[in-house]
Amino acid sequence: QVQLVESGGGLVQAGGSTRLSCVASGLTFSRYRMGWFRQAPGKEREFVATISRFGINIDYTDSVKGRFTISRDNAKNTVELQMNSLKPEDTAIYYCAADLSGDGKIEYEYWGQGTQVTVSS
């Protein structure tokens, strides 16, 4: 059974930093593009960042560019999101997701349980 288990998050003051981690099991990790998404109350889930299988191709949503950094370690089956200069509008539930490369599907196949990030003003 595939599992994506997130850690990190919590309450952070504006301007501060935190790091989210996601550990995957039950899959061949290097076959998957990994992504981070977030959902704030009353809003639709939003793409945050993605990283290709070997870390060559990385993309961010405009609102986090220069502040967030996505990385992965295929030897540890982990993907991280370093979050700096946090703003109250970053407050959301953050989700880790995995997309099998070459499956002909646009949707991410597996999702973590989500972890809350709350940024106080």
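What counts and what doesn't
- In every chain, residue numbers begin from 1 and rise along the written sequence.
- Confidence filtering applies because this is a predicted model: local features only for residues at pLDDT of at least 70, side-chain atom pairs given and counted only at 80 or more, and all residues used for totals across whole chains, interfaces and linings.
- Side-chain numbers come from the whole structure's heavy atoms, not from hydrogens or water.
- Numbered from the N terminus, helices here are DSSP runs of H or I no shorter than four residues, and strands are runs of E no shorter than two.
- Here a residue-residue contact requires only that any non-hydrogen atoms of the pair lie within 4.5 Å.
- Summary of the burial criterion: residues with accessible area below 20% of their type's maximum are buried, those above 50% are exposed, and those between are partly exposed, where the area comes from a 1.4 Å probe applied to protein chains only.
- We call a set of buried residues a nonpolar core when its members are Ala, Val, Leu, Ile, Met, Phe, Trp, Tyr or Cys and they connect through side-chain atoms within 4.5 Å of each other.
- Two strands are said to pair when DSSP picks up at least two bridges between them.
- Axis definition: a line fitted to C-alpha atoms, over the contacting stretch in the case of helices. Angles run 0 to 180 degrees between N-to-C directions.
- Stacked, edge-to-face and tilted labels apply to pairs of Phe, Tyr and Trp rings (six-membered ring for Trp) whose centres lie within 6.5 Å, assigned for plane angles under 30 degrees, over 60, and everything in between, in that order.
- The disulfide criterion used throughout: a pair of cysteine sulfur atoms within 2.5 Å.

S.K.: Even after reading the chapter, I still don't get the side chain of Thr-18, so can you show me in this structure?
M.R.: Note on placement: Thr-18 falls in strand E3 (residues 18-25). Beyond its immediate chain neighbours, meaning those up to four positions away, Thr-18 contacts Gly-9, Val-12, Leu-81, Gln-82, Met-83 and Leu-86.

S.K.: Looking at this model, I keep getting lost on unusual backbone geometry. Mind explaining?
M.R.: Both trends apply: most residues other than glycine have a negative phi, and most peptide bonds are in trans. Look at Asn-77: it is not a glycine, yet its phi comes out positive at around 55 degrees. Topologically, Asn-77 is positioned in the loop between strand E7 (68-73) and strand E8 (78-83). Positive phi, close to 50 degrees, is recorded for Ser-85, a residue that is not glycine. A relative accessible area of 41% means that Ser-85 is categorised as partly exposed.

S.K.: Can you walk me through the environment of Ala-49 in this structure?
M.R.: With respect to the helices and strands, the residue Ala-49 is situated in strand E5 (residues 46-51). For the pair Ala-49 and Gly-112, spaced 63 residues apart in the sequence, the C-alpha separation amounts to 15 Å. Excluding residues that lie within four positions of it along the chain, Ala-49 makes contacts with Met-34, Gly-35, Trp-36, Asp-59, Tyr-60, Ile-70 and Leu-81.

S.K.: What's the story with the nonpolar core in this structure? I'm lost.
M.R.: Among soluble globular proteins, nonpolar side chains are generally buried collectively. Ranked by size, the top nonpolar core spans 28 residues in total, and within it Met-34, Trp-36, Leu-81 and Tyr-94 carry the most contacts. Within the residue set of this core, elements represented by two or more residues are E3, strand E4 (32-39), E5, E7, E8, strand E9 (92-100) and strand E11 (115-120). With five residues, E9 is the largest single contributor of residues to this core. With residues near it in sequence (within four places) discarded, Leu-81 still touches Thr-18, Arg-19, Leu-20, Trp-36, Val-48, Ala-49, Phe-68, Thr-69, Ile-70 and Tyr-94.

S.K.: Honestly, the sheet that holds strand E1 (residues 3-7) in this entry has me stumped. Any pointers?
M.R.: Two modes of strand pairing occur in sheets, parallel and antiparallel, and in both the strands are linked by backbone hydrogen bonds. Across the sheet, which stays open at both edges, the four strands sit in the order E1-E3-E8-E7 with antiparallel pairing between neighbours. With partners counted over all chains shown, the strands left at the sheet margins are E1 and E7, one partner each. For this sheet the average axis-to-axis angle between neighbouring strands, irrespective of direction, equals 15 degrees. Pairing geometry for E7 and E8, over six bridges, is antiparallel.

S.K.: What's the story with the packing of aromatic side chains in this structure? I'm lost.
M.R.: Aromatic rings in a pair are described by how distant their centres are and how their planes are angled relative to each other. Under the defined criterion, the tally for this structure stands at five aromatic pairs. Plain terms: the ring middles of Phe-37 and Tyr-108 are 5.1 Å apart, the flat faces sit at 80 degrees to each other, and that makes the pair edge-to-face. On the criterion of sequence distance, the pair formed by Phe-37 in strand E4 and Tyr-108 in the loop between E9 and strand E10 (110-111) is long-range, its members being 71 residues apart. A residue is classified by how much of its surface remains accessible, and Phe-37, at 10% relative accessible area, is buried. Ring centres 4.9 Å apart and planes at 55 degrees place the aromatic pair Phe-37 and Trp-111 in the tilted group. Placement of the pair is Phe-37 in strand E4 and Trp-111 in strand E10, with a sequence separation of 74 residues.

S.K.: Quick question: what am I supposed to make of the state of the cysteines here?
M.R.: Covalent bonding between the sulfur atoms of two cysteines is what defines a disulfide. Inspection of the entire model under this criterion finds one disulfide. The disulfide partner of Cys-22 is Cys-96, and the S-S distance across this bridge is 2.2 Å. Handedness here is read from the sign of the S-S torsion; for Cys-22 and Cys-96, about -75 degrees, the answer is left-handed. You can see Cys-22 sitting in strand E3 and its partner Cys-96 sitting in strand E9, a full 74 residues away along the chain. Overall, the relative accessible area of 0% leaves Cys-96 in the buried class.

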